[in-house]
Amino acid sequence: MPERKTGPTTVPTTELVTFGETMALFAARRTGPMRFARDFDLGLGGAESNVAIGVARLGHRATWVGRVGADEFGDLIRSTLQGEGVDVRAIADPDAPTGLMIKGRRTADLIDVRYYRKDSAGSRLRAADLDPELIRSARVLHVSAITPALSGSAREAVHHAIAEARAEGVLVSLDVNYRRALWTPAEAGAWLRETVGDVDVLFATEAEGRLIADVEGATELAGALAKLGPRHVLIKFGAEGAMELSDGVERRAEPYAVTEVDSVGAGDAFAAGWLADWLAGAEPAQRLSTACAAGAFAVTSQGDWESLPRRADLSLLRRPADGVSR
């Protein structure tokens, strides 16, 4: 395997490339059964575009590639991501609609997310949609295991992108992001075991990690995953913090104390924080701390990405006791 890029020899078009499906997001404003919801906020959501926004907010060039419908929702996705400083390579598909995500709050503590993405524009992503020169010029390729679950052509696109990145020594990052609505644990596990040996960075919860290696104990699980190929294995414990096993060294990070409002997107924020600090050349302990801080910010308000931090925000979690910044 070629040595991984630790820094660009020339100014790249982008630093991080990611691709996948981003959907229009309707979020109910009231708590209770969704059938009684009358008012919705319109936004967007997608694991890979969330990461791109997070990396851009933390000061790095990020590119998102994907298919959207030739419709108002596709225009919303394109303009919103561009407004967040993301380089958008969106293909408007005239024959398929932009996918939809509907999010409600069944109770104060239970979020109900429904997807309407079958035969959507995003599911029609294919290898030919990806610019190999863009991937080769980047420092990081970030993918999620959501994309290969969408369709055969999308799965082929992931394999193609990883092969292009590996050939050029571009760091390959994979977030498991398991979605039971898209495929079974057995299907996901088979694909992940086939693919994980080709990635450098792996993000997973303990449950997601066990789709790949059925090992008890976080330390033992991280070790088993690392033996399959990744140099950096990140295990997320949600409100309990996270751990990282990098080049045989284990590190743990305590969680930040925040009030959780909406947990959707926290894992994407975590990945964005870690990758942004890797791009910045930060020390391993700092990378993990930034990842946990970004994840903490993500849960503090409604929306999949709206609360993602900028660099200046990171110190706000070390706030005064009365919670007032003066």
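Going by the structure above, here's the rest.
Residues numbered from 1 in each chain as written. Predicted model: local features only at pLDDT ≥ 70, side-chain atom pairs only at ≥ 80, totals over all residues. Heavy atoms only, no water.

Quick notes on the environment of glutamate 244
What counts here: Counting from the N terminus, the helices are the DSSP runs of H or I reaching at least four residues and the strands are the DSSP runs of E reaching at least two. Partly exposed residues are those whose accessible area sits between 20% and 50% of the maximum for their type, while under 20% is buried and over 50% is exposed, using a 1.4 Å probe and protein chains only. Only heavy atoms matter for contacts: two residues are in contact if any of them lie within 4.5 Å across the pair. Under the rule applied, a polar contact is a pair of N or O atoms within 3.5 Å (in protein, one hydrogen donor and one hydrogen acceptor; residues adjacent in sequence only if both atoms are side-chain atoms).
With respect to the helices and strands, glutamate 244 occurs in strand S12 (residues 242-246). Take glutamate 244: its relative accessible area is 0%, and that puts it in the buried class. Taking the C-alpha atoms as reference, glutamate 244 lies 21 Å from valine 170; in sequence the two are 74 residues apart. Dropping the residues within four chain positions of it, glutamate 244 is found in contact with His232, Val233, Leu234, Val249, Glu250, Arg251, Trp274, Pro284, Arg287 and Leu288. Among the polar contacts listed, one links the side chain of glutamate 244 to the side chain of serine 246, at a separation of 2.4 Å.

Points about unusual backbone geometry
Trans is the common state for peptide bonds, and a negative phi is the common state for residues other than glycine. A positive phi angle, close to 60°, is found at aspartate 119, a residue other than glycine. Note on placement: aspartate 119 falls in the loop between strand S7 (110-116) and helix H3 (132-137). Phi angles above zero are rare outside glycine, and aspartate 247 is one such case at about 50°. Considering the arrangement of structural elements, one finds aspartate 247 in the loop between S12 and strand S13 (249-253).

Topic: the sheet that holds strand S5 (residues 87-93)
Applied cut-off: Strands pair, by our definition, only if DSSP identifies at least two bridges between them. In this analysis, axes come from line fits to C-alpha atoms, helices being fitted only over the stretch in contact, and the angle between any two N-to-C directions falls in the range 0 to 180 degrees.
The strand order S5-S4-S1-S8-S9-S10-S11-S12-S13 describes an open sheet built from 9 strands, whose pairing is mixed. Edge positions in the sheet fall to S5 and S13, since each has one partner strand and no second. Going across the sheet, the axis of each strand differs from the next one's by a mean of 15°, ignoring polarity. When strand S1 (residues 16-19) meets strand S8 (residues 140-144), the two strands line up parallel, connected through 3 bridges. The residue of S8 that forms the bridge with valine 17 is leucine 141. Strands S1, S8, strand S9 (171-175), strand S10 (201-205), strand S11 (232-236) and S12 of the sheet are contacted by helix H8 (residues 266-279), whose axis makes an angle of about 165° with S9.

Quick notes on the pairing of S12
A regular strand places its side chains so that they alternate between the two faces of the sheet. Most of S12 sits inside the fold, with 5 of its 5 residues counted as buried. Relative to S12, S11 is paired through 5 bridges, and the arrangement is antiparallel. Within the sheet, the bridge partner assigned to valine 233 lies in S12 and is leucine 245. Linking two consecutive strands that pair antiparallel, namely S11 and S12, is a turn of 5 residues; a positive phi of about 65° is found at glycine 238 within it. In the sheet, S12 pairs with S13 via 5 bridges, with the strands oriented antiparallel. Bridged to methionine 243 within S13 is arginine 252. Between the end of S12 and the start of S13, which pair antiparallel, lie 2 residues, with aspartate 247 showing a positive phi angle near 50°.

Remarks on the nonpolar core
As a rule of thumb, nonpolar side chains are buried together in soluble globular proteins. Just so we agree on the cut-off: Only buried residues count toward a nonpolar core, which is a set of Ala, Val, Leu, Ile, Met, Phe, Trp, Tyr and Cys residues joined through side-chain atoms within 4.5 Å.
In terms of nonpolar packing, the biggest core is built from 41 residues, with Phe19, Leu141, Leu192, Leu225 and Ile235 touching the most fellow members. With 5 residues, helix H4 (residues 152-168) is the largest single contributor of residues to this core. Apart from the residues lying within four places of it in its own chain, the contact partners of leucine 225 are Leu202, Gly209, Ile212, Ala213, Pro230, Val233 and Ile235. Among the nonpolar cores identified, the runner-up in size contains 36 residues, and Ile53, Leu81, Phe203 and Ala269 belong to it.

Things to note about the packing of aromatic side chains
We count it as follows: Two aromatic rings from Phe, Tyr or Trp, using only the six-membered ring of Trp, form a pair when their centres are within 6.5 Å; if the ring planes differ by under 30 degrees the pair is stacked, by over 60 it is edge-to-face, and anything between is tilted. Sitting over a ring, as applied to charges here, requires NZ of Lys or CZ of Arg to be within 6 Å of the ring centre and within 35 degrees of the ring normal.
Tallied over the full model, the rule gives 4 aromatic pairs. Considering the side-chain rings of phenylalanine 203 and phenylalanine 270, the 6.1 Å spacing of their centres and the 85° angle between planes classify their relative orientation as edge-to-face. Taken as a pair, phenylalanine 203 in strand S10 and phenylalanine 270 in helix H8 lie far apart in primary sequence, 67 residues in all. There is no split in this pair, since phenylalanine 203 and phenylalanine 270 are both buried. Pairing phenylalanine 203 with tryptophan 274 gives two aromatic rings, centres 6.0 Å apart and planes at 80°, and the pair type is edge-to-face. Placement of phenylalanine 203 in strand S10 and of tryptophan 274 in helix H8 is noted, with a sequence separation of 71 residues between them. The same class applies to phenylalanine 203 as to tryptophan 274, namely buried. The structure contains a cluster of three or more aromatic residues connected by ring pairs, namely Phe203, Phe270 and Trp274. Between the NZ or CZ atom of arginine 117 and the centre of the ring of tyrosine 115, over which it lies, the distance is 5.0 Å.

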